[in-house]
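Structural features, examined
Chain by chain, the residues:
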Amino acid sequence: HALSGQKSFYGRAEGIFYGKYQYNDQNSAAQNSYMLANFRAGIKGEKWFAEGWLRNAFDKNYVPIALPYGFAPSGFIGEPGAPRTFGITAGFYF
């Protein structure tokens, strides 16, 4: 049976720290330093695995990069970082 045999459980936690980032050469705007926390836990068999994961666990708001843009109210345009996301991943080994 494909799901029988020895199984192992695992977990992983990681913290990623980013230092302050200046958006322009004049250092007039910046993203302050921040930390993201990610978690993963699962079960693994001989030929399969299933796991749940959580990224940006504390839903930190951040803008990893911004560029000067004169028409924006702040003078910069940027893309916000990914919000808290979660999911399940499963698969088989061949």
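Notes on the structure follow.

Conventions we followed
Along each chain, residues carry numbers from 1 onward, in the same order as the chain's sequence is written. Selection of residues for local features in this predicted model requires a pLDDT of at least 70, selection of side-chain atom pairs for listing and counting requires 80 or more, and totals for whole chains, interfaces and linings are taken over all residues. Heavy atoms throughout the structure, all of them, feed into the side-chain values; hydrogens and water do not. For Phe, Tyr and Trp, where Trp contributes only its six-membered ring, two rings pair if their centres lie within 6.5 Å, and the inter-plane angle classes them as stacked under 30 degrees, edge-to-face over 60, or tilted in between. Put simply, DSSP marks the helices as runs of H or I at least four residues long and the strands as runs of E at least two long, and each gets a number from the N terminus on. Note on pairing: DSSP must find at least two bridges between two strands before they are called paired. Only residues whose relative accessible area exceeds 30% and that form no salt bridge are eligible for patches; like-charged ones are grouped when within 9 Å, while nonpolar side chains (Val, Leu, Ile, Met, Phe, Trp, Tyr) are grouped when within 5 Å. Here the accessible surface of atoms and residues is derived via Shrake-Rupley with a 1.4 Å probe, and residues count as covered only by protein chains that are part of the display. Any Lys or Arg side-chain nitrogen found within 4 Å of a carboxyl oxygen on Asp or Glu counts as a salt bridge. Type-normalised accessible area, obtained with a 1.4 Å probe on protein chains alone, sets the label of each residue: buried when under 20%, exposed when over 50%, and partly exposed for intermediate values.

**Here's the deal with the packing of aromatic side chains**
- The final tally for this structure, using the stated rule, is seven aromatic pairs.
- Seen from their ring centres, F49 and Y93 are 5.7 Å apart, and the 35 degrees between their planes marks the pair as tilted. Of this pair, F49 sits in strand 5 (residues 48–55) while Y93 sits in the segment after strand 8 (85–92), and the two are 44 residues apart along the sequence.
- Here the aromatic residues Y18, Y34 and Y62 are joined through ring pairs into a cluster of three or more.

**Some points on the pairing of strand 4 (residues 34–44)**
- In this structure, strand 1 (residues 8–18) lies alongside strand 4, joined through 11 bridges in antiparallel fashion. Bridge assignment links E14 to a residue of strand 4, and that residue is N38.
- Relative to strand 5, strand 4 is paired through six bridges, and the arrangement is antiparallel. When the bridges of strand 5 are listed, K44 appears paired with F49.
- In textbook terms, the turn of a hairpin is the stretch between consecutive antiparallel strands, and for strand 4 and strand 5 this stretch comprises three residues.

**Focus on a nonpolar patch on the surface**
- Together, Y21, I65, L67, Y69, F71 and I77 make up a nonpolar patch on the protein surface, roughly 670 Å² of accessible area in all.
- With respect to the helices and strands, Y21 occurs in strand 2 (residues 21–22).

**So, the pattern of salt bridges**
- Applying the stated rule across the entire model yields two salt bridges.
- Its salt-bridge partner being E51, residue R40 comes within 2.4 Å of it at the nearest N-O pair. Of the two residues, R40 sits in strand 4 while E51 sits in strand 5, which places them 11 residues apart along the sequence.
- The class for R40 is partly exposed, based on a relative accessible area of 26%.

Interpretation in functional terms is not warranted from these geometric data alone.
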